[in-house]
Each structure stands twice: as structure tokens, then as C-alpha cells.
Amino acid sequence: MFNLKMRSEYCVFMYVALAVRARNYVAFNRSRFLFQINMSKESQMRAAINQKLIEMGERERLKELLRAKLIECGWRDQVKALCKEVIKEKGLENVTVEDLVAGVTPKGRALVPDSVKKELLQRIKAFLSQHST
């Protein structure tokens with residue numbers, strides 16, 4: 001049986017354990033909240049940049065540049081081959097657009113050359129520096 005001293009020590013132990021749990025819970029939720037705020041700010045910034053690119057017609061120019069660069073480096077042919085591969089695996093009758101997108105998107109993104117990504121990013125930065133308010 002528990003004597004009075006053991007009970008009080010047990011109560012202190014449980015109190016400390018609960019306090020530590022509560023502190024960790026608060027710290028976790030605070031960091032999660034701050035992360036959500038940062039993500040919200042990032043989302044707002046992305047939306048503002050995208051809006052500016054659309055308004056000035058730069059988004060379409062960047063899309064055309066990207067399309068040309070991807071064709072030039074052979075990326076389009078690689079993605080086409082990936083699509084054929086997915087169709088061959090699943091069968092023409094059984095494949096859907098969603099299957100193609102799910103099967104090809106991660107590989108297709110990985111195949112985009114770093115040089116193309118860097119050039120596009122430089123163009124966006126140059127545009128933003130010219131049109132910053």
C-alpha cells in the first residue's frame with residue numbers, strides 16, 4: 001500500500017509530468033501556429049507576385065520561354081516517353097488522365113534541368129526588381 005509520503009511523491013511526480021506535457025503541447029502548438037502564419041504570408045506573397053506577373057503580361061512571356069527551353073533541352077520528349085511507359089504498364093483502356101498526371105508529374109519535375117530553373121528564376125527576380133513598388 002501507498003503510505004502518505006509515497007502518495008505525495010507520486011502526486012509531485014504526476015504534477016511535474018503533466019506540467020512538462022502541457023509545456024511541450026503549448027510549445028508545439030505555438031510553433032505550429034507560427035508556421036501557419038509564415039505559410040500564410042508566403043502564400044500571400046506568391047499570390048501578389050503572380051498577380052503582378054499576370055497584370056504586366058510577363059507570366060505569358062515566361063511560360064513561352066519555359067516551353068521553348070523545355071523543348072530545346074529534350075524534356076518534352078522525355079515526358080512523352082514517361083507517358084507512354086505509364087500507358088503501357090496500365091493498358092490503354094485502363095489508364096486515366098489522373099493516372100498519367102500522378103505517374104509522370106514527380107518524374108517530370110525532377111527532369112527539368114537546373115539551368116532552366118535558374119534562368120526562369122533570374123527572369124522573375126529581374127522583373128520584380130524592375131517593377132517593385
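An unreviewed UniProt entry lists the protein under the name Transcription and mRNA export factor ENY2, with Cyprinus carpio as the source organism. Under the heading Sequence similarities (unreviewed entry), UniProt records this for the protein: "Belongs to the ENY2 family." Heading Subcellular location (unreviewed entry) of the UniProt record for the protein holds this comment: "Nucleus, Nucleoplasm".

Judged by nonpolar contacts, L70, W75, V79, L82, V86, V95, V104, V112 and V116 together constitute the single largest core of nine residues. In terms of residue count, helix α3 (residues 75-90) provides more of this core than any other element does, four residues in total. Those residues within four positions of V95 in sequence are excluded, and the remaining contacts are V86, I87, K90 and L100.

Moving on to the packing of α3 against helix α4 (residues 97-111). Between α3 and α4, whose axes approach to 10 Å, the crossing angle comes to 145°. Two packed elements cross with a definite hand, and for α3 against α4 that hand is right-handed. In this structure, α3 contributes W75, Q78, V79, L82, C83, E85, V86, I87 and K90 to the contact, and α4 contributes D99, L100, G103, V104, K107, G108 and L111. A breakdown of the residues in the contact of α3 with α4 according to their chemical character gives nine nonpolar, three polar and four charged.

Looking at where E58 falls in the secondary structure, it is placed in helix α2 (residues 58-72). Side chain to side chain, E58 and R61 meet in a polar contact 3.0 Å long. Once residues lying within four places of it in the same chain are set aside, the contact partners of E58 are L53 and F127.

An α-helix turns once every 3.6 residues. As a result, residues three or four positions apart point the same way. For α2, built from 15 residues, the straight-helix expectation of 21 Å at 1.5 Å per residue is met to within 8% by its first-to-last C-alpha distance of 21 Å. Within the sequence span of α2, burial applies to E58, L62, L65 and L70. Along the axis of α2, the buried positions cluster into a sector of 130°, meaning they face one direction only. Positioned one or two residues after α2, G74 has a phi angle of 90°, which is positive.

Calculation notes
- Residues numbered from 1 in each chain as written.
- Predicted model: local features only at pLDDT ≥ 70, side-chain atom pairs only at ≥ 80, totals over all residues.
- Heavy atoms only, no water.
- UniProt positions renumbered as here; feature names shortened; annotations may be inferred.
- Core = buried A, V, L, I, M, F, W, Y, C linked by side-chain atoms within 4.5 Å.
- Buried < 20%, exposed > 50% of the residue type's maximum accessible area, 1.4 Å probe, protein only.
- Helix = DSSP H or I, 4+ residues; strand = E, 2+ residues; numbered from the N terminus.
- Contact = heavy atoms within 4.5 Å.
- Axes fitted to C-alpha atoms, helices over the stretch in contact; angles between N-to-C directions.
- Left-handed = near helix turned anticlockwise from the far one by under 90°.
- Nonpolar A, V, L, I, M, F, W, Y, C, P; charged D, E, K, R; others polar.
- Polar contact = N/O pair within 3.5 Å; in protein donor to acceptor, adjacent residues only side chain to side chain.
- Expected span 1.5 Å × (residues − 1).
- Arc of directions from axis to C-beta.

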